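One-letter residues, chain by chain:
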There are 2 protein chains.
Amino acid sequence: MTEQCTIEVMPGDKQLICDKGDFLLEVLQDNEIQLRAECGGEGTCCNCQVKAAPEDSMEYEAGDRLEAEKRENGYFLACQVKVTDDMQVEIPASSLISGQQILLGEREEDYLEHRLDHDLDIKAESLYQRQLLEIPEPSLQDNTSDLERLRRELQQENGDEFYDISLGLLDQLAGLLRDNDWEVTVDFCDQLSHQKIIGLSAPGPEDYYGMAVDIGTTTMVASLLDPQKGREMARAGEYNHQARFGDDVIARINYASKNEGGIEEVHRAVVETINELIDKVRDRADIDKNQIRYIITAGNTTMTHTLYGIDPNHIRHSPFTPTFSQAPTLRASEIDLDAHDLAPIYSFSAIGSFVGGDIISGVLSSGLSEQEEMSMLIDIGTNGEVVVGNSDFLIACSASAGPAFEGGGIESGVRAMDGAIEQIYIDDDYEPIIKTIGDKAPVGICGTGLIDLIASMQKDGILNRSGRYNTEIETDRLRQRSEDNLEFLLVSQEKAGIDEDIVLTEHDINHVLRSKAAIYAAVKIILDRLSFTEEMIQNVYIAGGFGNYLNVDAAVRLGLFPDLPRDRFVFIGNSSLAGARQATLSASEFKRSREIAREMTYLELSSEENSADFMDEFVAAKFIPHTDVSLFPSLQE
Amino acid sequence: MTEQCTIEVMPGDKQLICDKGDFLLEVLQDNEIQLRAECGGEGTCCNCQVKAAPEDSMEYEAGDRLEAEKRENGYFLACQVKVTDDMQVEIPASSLISGQQILLGEREEDYLEHRLDHDLDIKAESLYQRQLLEIPEPSLQDNTSDLERLRRELQQENGDEFYDISLGLLDQLAGLLRDNDWEVTVDFCDQLSHQKIIGLSAPGPEDYYGMAVDIGTTTMVASLLDPQKGREMARAGEYNHQARFGDDVIARINYASKNEGGIEEVHRAVVETINELIDKVRDRADIDKNQIRYIITAGNTTMTHTLYGIDPNHIRHSPFTPTFSQAPTLRASEIDLDAHDLAPIYSFSAIGSFVGGDIISGVLSSGLSEQEEMSMLIDIGTNGEVVVGNSDFLIACSASAGPAFEGGGIESGVRAMDGAIEQIYIDDDYEPIIKTIGDKAPVGICGTGLIDLIASMQKDGILNRSGRYNTEIETDRLRQRSEDNLEFLLVSQEKAGIDEDIVLTEHDINHVLRSKAAIYAAVKIILDRLSFTEEMIQNVYIAGGFGNYLNVDAAVRLGLFPDLPRDRFVFIGNSSLAGARQATLSASEFKRSREIAREMTYLELSSEENSADFMDEFVAAKFIPHTDVSLFPSLQE
Ligand code: FES
Ligand code: FES
C-alpha cells in the first residue's frame, strides 16, 4: 500500500490526507482549495505560492523562479512540491482563488428580478418544451398519418411552425401512440427556423431544466432554471479553466494559434468548466444530467469561438473579423457537454470581434432596446464596451481599457476577492479608512477601491489633476518608490493579510487614468457620431463584475462616467448571465436577442475615420476628471 | 486454383465462365441475365425455370417442386442447379425479367417533355445548389464575421432565407476564404424550413447531379439529372429487389411484420435496388458517387415507409393510418445510399395509406392541379387511384383493383414484357391478329392486350355483356377448360414462345371485369360525391405502367374509363418518375408537391358513408360496359 501523508492547512485548520509523492498543488485542488495556477502547474506563473514546513517533508526542484526573499521566508511554489512526509501548509490570500470573486449575480439582482417579474411572462414558451399531447384516435373518416396527427396537435397548441423529426423517433411513433391510448409526451426544441422533435415518450410528467451560462474570460457562472415554473433551481460559479493559457483573451488566442492542438486545448478547457458548473448545479438541485435539456451561453466573441472549437485567431488581427457572429445551434454531445445528448446548445450572437454575445445579452437584460428613452450601457472589463440606443436604433463600440480595473498591472491590485479593499478614503490626517470584501484583512485594492481612492485623493488635494502626488502634504505615508515614482502607503505589512505593504503608486494611478480615459473617450466618440449631448442619455446601465459597490459619484469625479444626475445610473451587475437567464425562460427573449444583434451598428474605433479622434479624446481624458472641466459641471461648485 | 466451367446460353449465344460449384442462377444474374427469382432462390416460386443439359454437368436437388412434365422436358430451377461441368442453357422468355418490362418512360414522354420545356424554367433553383460566391473582403469599416458575410451574399443571391451551417464546416470557413482571395464554392440544400450549407470548397467548377427515383412496387426507375443545365444524363430501370418478399404491397407488409428483422430486410432490399440504379446511371454518365448530391423519391406509401425503414404494418389494418405522410429529409449515409454522404434524400408526401407520393408526383407532372378546367387522373396498378380536381381543389380515392391488368391471376397473363401480346383482335374467321412487345414470339397477354381483346370480343359477339363466351360461335378455338370455365385459344403452343397454349378463360375475363369495375366504381363515387357529371371532366390523365399502347376506345368499351370524347384522354405514362424529375430540377416544383398533398382531400371508399355505395357501383360495373348502358352513349350507335 502507498504510504500516506497528512497535510495541515492554514487558514481553516483543515487536515488533508494524500499519497506520498503527490504534488501539493493537486492535493489542495482535489480538496476544493482553489489555488491560483495560471501557468497550469508549470512553475512559471509563480501564483501558487504557499508557506510550507518542514523542508524535509518534501521534494522541491523549482530552481530560482521564486524570488530569493520569498524562499528565505519559507515560501514554495505548490505545483513544484512533491509531498514526502507530513507537513504544515499556510496559504496566503493572494494565492487563493477566492470563491466570492466569482460574481454570482445574487447581490445586484434586485434590478433584474424586478425585470424578470414584470416584463417576462414566466409561462412563456422556452426554446425547449415538453408537452403531453392527446392525439385524436384515427378513424376511417380521418386516417391521416400518425406524424401528421402529431404535427396537427403541436401546431394547434403552439402555432403554425414546421416540426421536424428524426428517423429514429419516427420509428417509435406508431407503437408509442397505440400502446398509450393516443397520449404521448413530446420534447421539441426551437431551431429558430423551425421546431425539431427530439424526444417521444409515454405520457407522464418528468421535470426538465435549462441552463444559462455566462462564459466570462475569467469566471463563468451558471444558472439552472425550471422553464415550466419559471424559477431558478441552483446557481454556481467557477474559474474559467482557460486561465492556465493566459489571463486575457489575447493570451488565449495566442496560445490557441501558436501551439499544435492549441485550439482543441482551449476548447476543452471551456467545455470542462461548463461541465464542472453542471456538476455543481446538478448537485445542488439533485438532478440527473439527462434532465438538463438545453443550454444557453453568453460570452464574448473569443469565448464563444473557443466554446465551438473555432480558431479565434482572426479576431485579433486587423480588420478583426470573427469567423461567426451568429453561432449554429449544436447538440450537447457534439462538444461533450454533460447534459442530455440531444440537448441543444444556443449562444447569444455577437456583432463583431469586440462586441460579443455577452454584451447583446446585457442589452437584452437591461431593457435598453425596448424603451423609447435614450440610454447607454457601459460594460467595464479588460475591454470597455459602450452601447447607446433605444427601441429605434442601437450603436456599440469597444475600447481596450486594460486590466487596471481588475487589479491587473497595479502594484497592490487584486481582483474583487475576499480581503480586497473596495471602499476607501483618506481622512484629514492622511489616514486611510478602508472597507474590504468579506471584512477580511486587506490583501490589496480592487477596481472599485481604486476609483474611490483616486477620486477622493484628487478632491482632497493629495493628487493633482494629472494624477501626480502633491509632495507638499505632510505625511510619512507618501514616499519615493523609484526615481520617477512616488507611492502612498495604504496598509502596512503588519496590518495586511499579505507579506507586503499595500500601496498606491503614481504608475498605478497612470494605469487607472489610461483605463478610464479609454472608456470615457469611447463614450464621447459614440455620442459625437450621433450628434448627441450627454444630457440626452436618460439611463446609464453599468454592467460588469466590479459594479456592486462602485461609488457613482467617485466614478464621475474620476472622469470615468459622464457627469449626469446620479440617479440616472443603474447597476445591472452580471447582465450577461441575466440576459441568458431570460432567454432560458423565454424563447421570444432569445429571438429578441438575435434581433438586437441584427439591429445594432458597430462603430470601429480603430478605423481610419475614428482612430485620430479617439486618440485625441483619449489624451484629453487622461486628466482628473478631464482637460475640459466644463464637461463636468457638477464638480465645479 | 478452382476448376472452371463454361456455360453456353441461348438465346443470345453467350459464353459464360464460372467456378465449378457455383449456382446457375447466380452465374446468370452476375452476367446481367435477369432471371425471375421472386422467392429469392429458395426454390419455391418456380419462376427461374431453364432448360439445361447435359444432366451430368450439374448437381440438382430440387425435389418435385417443378411439375413432372417440365422436368421430363429438361427443365430445371436455375436456383437449385450447382454447375459441375460445361453445360448448355436455354432460357425461356417467361423466365426472364425483360429489360423492356421496366417502363423507363421514354416513349410516353412527349407529353412530359412538353411540360418540362414550357412550364419549367430550367434555370430554376433546385433543392440542392452549388454557387461560386465572391465575398467582399472585410475592412475596418465592415468587419462583420466571415459567416455573416457568407450569409449576406447567399441571401443577396437567393433571397432572405436562413442558412444553417454545421460546426465542421464553420471550422474551415476562415481559412478557405483567406486562402482563396475571398472566393468560395458553397453547396447548400433546401431543408424546406431553411437552407443548410453542406459543403464549402475552393472556387472551381465541379459538376453535380440530382437523381429522381420512382419507387414502384414491381419496378423502379431512376433518372440522373444535371440541375444546372436542366437536362437528363442517364436513366435506368431495375426490378424492386423486394420482389423476393412477395409480389404486392400486402405481401411485403406481411413479410416485414411477421419476420424477425423483416422491416430491416425489406428496407435493405429497396436501398439495394436504388444503389443498383445508381451504379447503372453512374456507369452511363461516367460520374463518381460523390457527384450525386441529392435524391428525390416518389413511391406509394408502403414503399416510402420501407425506404425509411419504418414499419408499414398499420397501413393495412383499419383505419389504415400510415406512420407518416410527409417524410423527413435524410442524409444518404443515414440509409447507406451510394451517393455523397451528406446528400439529402427527399420524398414526395403521401396523403394516406393508399394515395402515396407516387400519385402526388403524378398530379404534379400532369399539371392537373395548376389548371382551371376540371380534370381527372387515373393511375392503374394493383390499386387504382383516381384524383379529380383543378387549381382550386383536389380529391382522391383508391380502389383495390387486383393484379389482373399486370397479368396477375390470369391464366396466360404476363407483365408488359418482351413477347407480351399488347394489341389483339379476333377476325371474322375467329383468328386472332396479334402484336407483341418487341415483336417477339408471344409468351402471354398483358394488360393492354386483355383490354383490347375483351372489348373487341364483346363487340363482335364472342362474349356477352357478363363476360361469358357465346357458345354458338363456330370455332375450335373455343373449348371447355373445366366444368364451368370455357377458354379461347389465342396462340397454340407450337407458335408460342413458351411451352403452353396461350388462352383466355372465362375466369380470366371475370378477373379483368372485377378490376375494371373497381376502378370505374371509384370514378363514379368520386364524381357522385362532388355532384359532378362525367361530362364536366375536361381531361383524363392516364398514368401507370401499362399506358403506352392502351387503346382508349377499347377501354371505354370495356367500361374501364368513362365514356368521354376520346381526345380528352392523355397518356402520361410513368408520371411518378416524371414528377420526381420536375422536382429534381426545381425546388419550387417540389414545394408545390407538398402543397398539393396538403390541399388534397382523401375519400376513404371503405368508410361507413361510402362502402355500401361503392359496393353497389362495383356490382353494377361488372358488366361490359356496365349494367346501365345509358352511361356509355357513344357505344349505342
Ligand atoms: S507556478 Fe504557476 S501554478 Fe505553480
Ligand atoms: S424457384 Fe424461385 S428463384 Fe428459383
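These figures come from a predicted structure and were not determined experimentally.

A tally of regular secondary structure across chain A gives 15 helices and 29 strands. Its C-alpha radius of gyration of 27 Å places chain A within 12% of the 26 Å reference for a compact globule of 637 residues. By its C-alpha atoms, chain A is 100 × 75 × 40 Å across when sized along the principal axes. When burial is assessed residue by residue, chain A has 60% of its 637 residues classed as buried. For chain A, the share of sequence-separated contacts (at least 6 apart) that also reach a separation of at least 24 residues comes to 66%. For chain A, the accessible surface area stands at approximately 25,100 Å², while carbon and sulfur atoms represent 43% of it. Charge separation in chain A, taken as the distance between the mean sites of 54 positive and 115 negative side-chain charges, equals 1 Å.

Taken together, the contact between chain B and chain A spans 44 residues of the former and 43 residues of the latter. Buried surface at the junction of chain B and chain A, both sides included, amounts to about 3,700 Å², of which 60% is carbon and sulfur. Interface area lost by chain B to chain A is led by Leu140(B), Asn143(B) and Leu167(B), which between them contribute 18%. Linking chain B with chain A are zero salt bridges, by the criterion used here.

This part takes up unusual backbone geometry. Going from Ala53(A) to Pro54(A), the amide bond is cis rather than trans, its omega being -5 degrees. Tracing the backbone shows Pro54(A) in the loop between strand S3 (49–53) and strand S4 (58–60). The omega torsion across Ile624(A) and Pro625(A) is -5 degrees, close enough to zero to call that bond cis. In this structure, Pro625(A) sits in the segment after helix H15 (608–620). In this structure, Trp182(A) takes a positive phi of about 65 degrees despite not being glycine. Within the element layout of this structure, Trp182(A) appears in the loop between helix H5 (167–179) and strand S10 (183–190). Classification of Trp182(A) as buried rests on a relative accessible area of 8%. Positive phi outside glycine occurs at Leu192(B), with the angle close to 75 degrees. Topologically, Leu192(B) is positioned in the loop between strand S10 (183–190) and strand S11 (195–201). When its relative accessible area of 24% is taken as the criterion, Leu192(B) is described as partly exposed.

Turning next to the relation of the copies chain B and chain A. Both copies of the chain are placed relative to one another by a rotation about an axis and a shift along it. When chain B is fitted onto chain A, the two copies agree to an RMSD of 0.3 Å after a turn of 180 degrees and an axial shift of 0.0 Å. Look at the turn and shift together and you get a two-fold axis relating the two. Relative to the rotation axis, the C-alpha of Ser193(B) is the closest in chain B, positioned 3.1 Å from it.

Attention shifts here to the nonpolar core. Core analysis: the largest hydrophobic core is formed by 78 residues, its most contacted members being Val388(A), Tyr469(A), Phe488(A), Leu490(A) and Phe561(A). It is helix H11 (residues 506–529) of chain A that contributes the most residues to this core, 13 residues altogether. Structurally, this core is a two-domain feature, drawing no fewer than three residues from each of domain 4 (366–403 + 513–636) and domain 5 (407–508) of chain A. Excluding residues that lie within four positions of it along the chain, Leu490(A) makes contacts with Ile424(A), Ile426(A), Pro432(A), Ile445(A), Leu453(A), Arg477(A), Ile502(A), Val503(A) and Leu504(A). Ranked by size, the runner-up nonpolar core spans 77 residues in total, among them Ile421(B), Val556(B), Leu605(B) and Phe632(B).

The next thing to look at is the side chain of Asn240(A). Residues and elements named next belong to chain A. Turning to its location among the elements, Asn 240 is positioned in the loop between strand S14 (231–239) and helix H6 (249–258). At 3.0 Å, the side chain of Asn 240 and the backbone oxygen of Gly 216 are in polar contact. A polar side-chain atom of Asn 240 sits 2.9 Å from the main-chain amide nitrogen of Gln 242. Those residues in contact with Asn 240 that lie beyond four places of it in its chain are Ile 215, Gly 216, Thr 217, Thr 218, Thr 219, Met 220, Arg 252, Val 270, Thr 273 and Met 303.

What follows is about the sheet that holds strand S15 (residues 292–299) of chain B. All names here are of chain B. The sheet built from six strands is open, its strands ordered S14-S13-S12-S15-S17-S16 with mixed pairing. Of all the strands in the sheet, the pair left with one neighbour each is strand S14 (231–239) and strand S16 (330–331). Pairing analysis gives three bridges linking S15 to strand S17 (residues 344–347), with the strands arranged parallel. Bridging across to S17, Ile 295 finds its partner in Ile 345. Packing of helix H13 (residues 575–585) onto the sheet brings it into contact with strand S12 (209–215), strand S13 (219–226), S14 and S15, and relative to S12 it is tilted by some 160 degrees.

With that settled, consider the sheet that holds strand S24 (residues 478–482) of chain B. Residues and elements named next belong to chain B. Spatial ordering of the open sheet is given by S24-S25-S26, a layout of three strands whose pairing is antiparallel. The sheet is open, and its two borders are formed by S24 and strand S26 (502–505), each paired with just one other strand. Taking each pair of neighbouring strands and ignoring which way they run, the sheet shows an average axis angle of 45 degrees. Sheet analysis places strand S25 (residues 485–491) next to S26, joined by four bridges and oriented antiparallel. Bridging from a neighbouring strand, Glu 487 pairs with Thr 505 of S26. Set on the sheet, helix H10 (residues 447–459) makes contact with S25 and S26; between it and S26 the angle comes to about 55 degrees. Its contacts with the sheet place helix H11 (residues 506–529) against S25 and S26, and it is angled at close to 65 degrees to S26.

All names here are of chain A. Orientation of H6 relative to helix H7 (residues 262–285), taken along the N-to-C sense of each, is 135 degrees, at an axis distance of 6 Å. Classified by the interaxial angle, the pair formed by H6 and H7 is oblique. Residues Arg 252, Tyr 255 and Ala 256 of H6 lie in contact with H7, whose contacting residues are Gly 262, Ile 263, Glu 265 and Val 266. Grouping the constituent residues of the contact of H6 with H7 by class yields four nonpolar, one polar and two charged.

Residues and elements named next belong to chain A. Under the domain assignment, chain A is made up of domain 1 (4–96), domain 2 (128–201), domain 3 (210–347), domain 4 (366–403 + 513–636) and domain 5 (407–508). For domain 3 and domain 4, the distance between their C-alpha centroids amounts to 26 Å. Between domain 3 and domain 4, roughly 1,400 Å² of surface is buried when both sides are summed, and carbon and sulfur atoms account for 61% of that area. On the domain 3 side of the interface with domain 4, the three residues burying the most area are Asp 214, Leu 225 and Ile 296, jointly 29% of the side's total. At the boundary of domain 3 with domain 4, the tally comes to one salt bridge.

The next point concerns the pairing of S24(B). Here four bridges tie S24(B) to S25(B), and the two strands are oriented antiparallel to one another. In the strand pairing of S25(B), Ser482(B) is matched with Asn485(B).

Criteria and cut-off values
Residues numbered from 1 in each chain as written. Chains lettered and ligands numbered in written order. Predicted model: local features only at pLDDT ≥ 70, side-chain atom pairs only at ≥ 80, totals over all residues. Heavy atoms only, no water. Helix = DSSP H or I, 4+ residues; strand = E, 2+ residues; numbered from the N terminus. Rg over C-alpha atoms; globule rule 2.2 N^0.38 Å. Buried < 20%, exposed > 50% of the residue type's maximum accessible area, 1.4 Å probe, protein only. Contact = heavy atoms within 4.5 Å. Areas by Shrake-Rupley, 256 points an atom, 1.4 Å probe, with all protein chains shown as cover. Lys, Arg positive; Asp, Glu negative; His and termini not counted. Charge placed at Lys NZ, Arg CZ, Asp CG, Glu CD. Buried area = accessible area lost by both parts, 1.4 Å probe. Salt bridge = Lys/Arg side-chain N within 4 Å of Asp/Glu carboxyl O. Least-squares fit on C-alpha atoms with pLDDT ≥ 70 in both. Core = buried A, V, L, I, M, F, W, Y, C linked by side-chain atoms within 4.5 Å. Domains from an automatic or database assignment. Polar contact = N/O pair within 3.5 Å; in protein donor to acceptor, adjacent residues only side chain to side chain. Pairing = 2+ DSSP bridges. Axes fitted to C-alpha atoms, helices over the stretch in contact; angles between N-to-C directions. Parallel < 35°, antiparallel > 145°, perpendicular 65-115°, else oblique. Nonpolar A, V, L, I, M, F, W, Y, C, P; charged D, E, K, R; others polar.

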